[in-house]
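So the chains spell out like this:
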Amino acid sequence: MKQLFLALFLLSCASEPIYRKTNSSRLTKNTDLPTIVLISIDGYRFDYTQIYAPPFLSKIHHQGARAELKPIFPSDTFPNHYSIITGLYSENHGIIGNQFYDPSLERFFSLKHREEVDSPEWYLGEPLWVTAERQGVIAACHFWVGCESKVMGLSPRYLVPFNPRKPNIERSKTVIE
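Note that this is a predicted model, so its numbers are computed, not measured.

Novice: Teacher, can you tell me more about the overall build of the chain here?
Specialist: Along the chain, the regular secondary structure elements total seven helices and seven strands. Secondary structure of the chain in N-to-C order comes out as β-β-β-α-α-α-α-β-β-α-α-β-β-α. Here the chain holds 177 residues, and the buried ones make up 41% of them. Long-range pairs, those at least 24 residues apart, make up 56% of the contacts in the chain with a sequence separation of at least 6. Summed over its atoms, the accessible surface of the chain is roughly 10500 Å², and 56% of this surface lies on carbon and sulfur atoms.

In structure tokens:
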């Protein structure tokens with residue numbers, strides 16, 4: 001079974017000391033803007049909330065919005081998460097697997113090599129945090145594919161770098177606090 005991890009993407013969030021500032025402070029937070037939270041849990045089937053009724057996710061389900069997404073091909077984590085955030089299929093956004101060789105770059109993309117995963121050349125298309133920042137909306141990212149790269153020259157205003165050793169409960173607390 002795939003290891004579950006919680007990936008959160010927040011727009012218009014308040015800055016907390018846990019976030020690393022990545023862009024200049026050209027804007028101040030507009031508290032009139034709504035906050036959008038996108039939660040994706042790798043390996044979490046669309047009906048798990050109904051079957052297992054986890055308290056926190058059940059509360060979000062009943063008080064907010066949810067979506068049932070059909071995976072793109074290939075149904076790997078990285079291509080699907082980058083498709084969610086760009087709206088593009090993998091052949092258009094460049095992330096065609098969790099690991100692959102690109103003959104035009106003559107390099108391997110692999111989760112085992114952080115320097116490659118963080119390299120912006122791999123990421124095509126415009127992720128949501130780039131769109132937000134270009135429009136003056138503060139963006140934050142917690143463990144989302146591509147967010148540690150300067151995609152199109154931009155990073156989310158606040159981000160928490162990926163840490164595979166951080167327990168799921170701590171990941172959730174980081175964002176909620």
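Novice: How should the confidence of the model for the chain be read in this particular structure?
Specialist: Atomic detail in the predicted coordinates should be set aside for any region of low pLDDT. Here the chain shows a mean pLDDT of 81. Residues at 70 or above account for 81%. Below pLDDT 50 for its whole length, residues 1-29 participates in 106 contacts with residues either more than four positions away or in separate chains.

Novice: It is not clear to me how the pattern of salt bridges should be interpreted in this structure. Could you clarify?
Specialist: Close approach of charged atoms lets side chains of opposite charge pair. Following the criterion strictly, the structure yields eight salt bridges and no others. A salt bridge links Glu121 to Arg107, with the nearest nitrogen and oxygen atoms 2.9 Å apart. With Glu121 in the loop between α5 (114-117) and α6 (128-134) and Arg107 in strand β5 (residues 107-110), this pair connects stretches of sequence that are 14 residues apart. The partner of Arg114 in a salt bridge is Glu148, with the nearest N and O atoms 3.3 Å apart. Of this pair, Arg114 sits in helix α5 while Glu148 sits in the loop between β6 (139-142) and β7 (158-160); the two residues are 34 residues apart in sequence, bridging distant segments of the chain. Judged by its relative accessible area of 31%, Arg114 falls in the partly exposed class. Several salt bridges converge on common partners, so that one network encompasses Arg107, Glu116 and Glu121.

Novice: What am I meant to see in the environment of Val145 here?
Specialist: Relative to the elements of secondary structure, Val145 occurs in the loop between β6 and β7. Judged by relative accessible area, Val145 falls into the buried class, the value being 6%. Each C-alpha atom of the pair Val145 and Tyr82 lies 6.0 Å from the other, and the pair is 63 residues apart in sequence. Non-local contacts of Val145, meaning those with residues more than four positions away in its chain, are made with Phe78, His81, Tyr82, Tyr123 and Trp129.

Novice: I would appreciate a short explanation of the packing of aromatic side chains in the present structure.
Specialist: Any two aromatic rings considered together are summarised by their centre-to-centre distance and by the angle between their planes. Taken as a whole, this structure holds 10 aromatic pairs when the rule is applied. Considering the side-chain rings of Tyr48 and Tyr52, the 5.5 Å spacing of their centres and the 75° angle between planes classify their relative orientation as edge-to-face. Of this pair, Tyr48 and Tyr52 both sit in helix α1 (residues 48-52), separated by four residues, roughly a single helical turn. By relative accessible area, Tyr52 is classed as exposed at 59%. Judged by centre distance (5.1 Å) and plane angle (20°), the rings of Phe100 and Phe109 are stacked. Look at Phe100 and you get buried, because its relative accessible area is 11%.

Novice: Is there a simple way to explain unusual backbone geometry in this structure?
Specialist: In this model, Phe73 is joined to Pro74 through a cis peptide bond whose omega is -5°. Here Pro74 shows up in the loop between α2 (55-63) and α3 (77-86). With a phi angle near 50°, Ala53 is a residue other than glycine that sits in the positive phi range. By the secondary structure assignment, Ala53 is in the loop between α1 and α2. On the basis of relative accessibility, which here comes to 45%, the residue Ala53 falls in the partly exposed class. The residue Glu106 is not glycine, and still its phi comes out positive at about 55°. Mapped onto the elements of the fold, Glu106 is located in the loop between β4 (99-102) and β5.

Conventions adopted
- Residues numbered from 1 in each chain as written.
- Predicted model: local features only at pLDDT ≥ 70, side-chain atom pairs only at ≥ 80, totals over all residues.
- Heavy atoms only, no water.
- Helix = DSSP H or I, 4+ residues; strand = E, 2+ residues; numbered from the N terminus.
- Buried < 20%, exposed > 50% of the residue type's maximum accessible area, 1.4 Å probe, protein only.
- Contact = heavy atoms within 4.5 Å.
- Areas by Shrake-Rupley, 256 points an atom, 1.4 Å probe, with all protein chains shown as cover.
- pLDDT = per-residue confidence, 0-100.
- Salt bridge = Lys/Arg side-chain N within 4 Å of Asp/Glu carboxyl O.
- Phe/Tyr/Trp six-rings, centres within 6.5 Å; stacked < 30°, edge-to-face > 60°.

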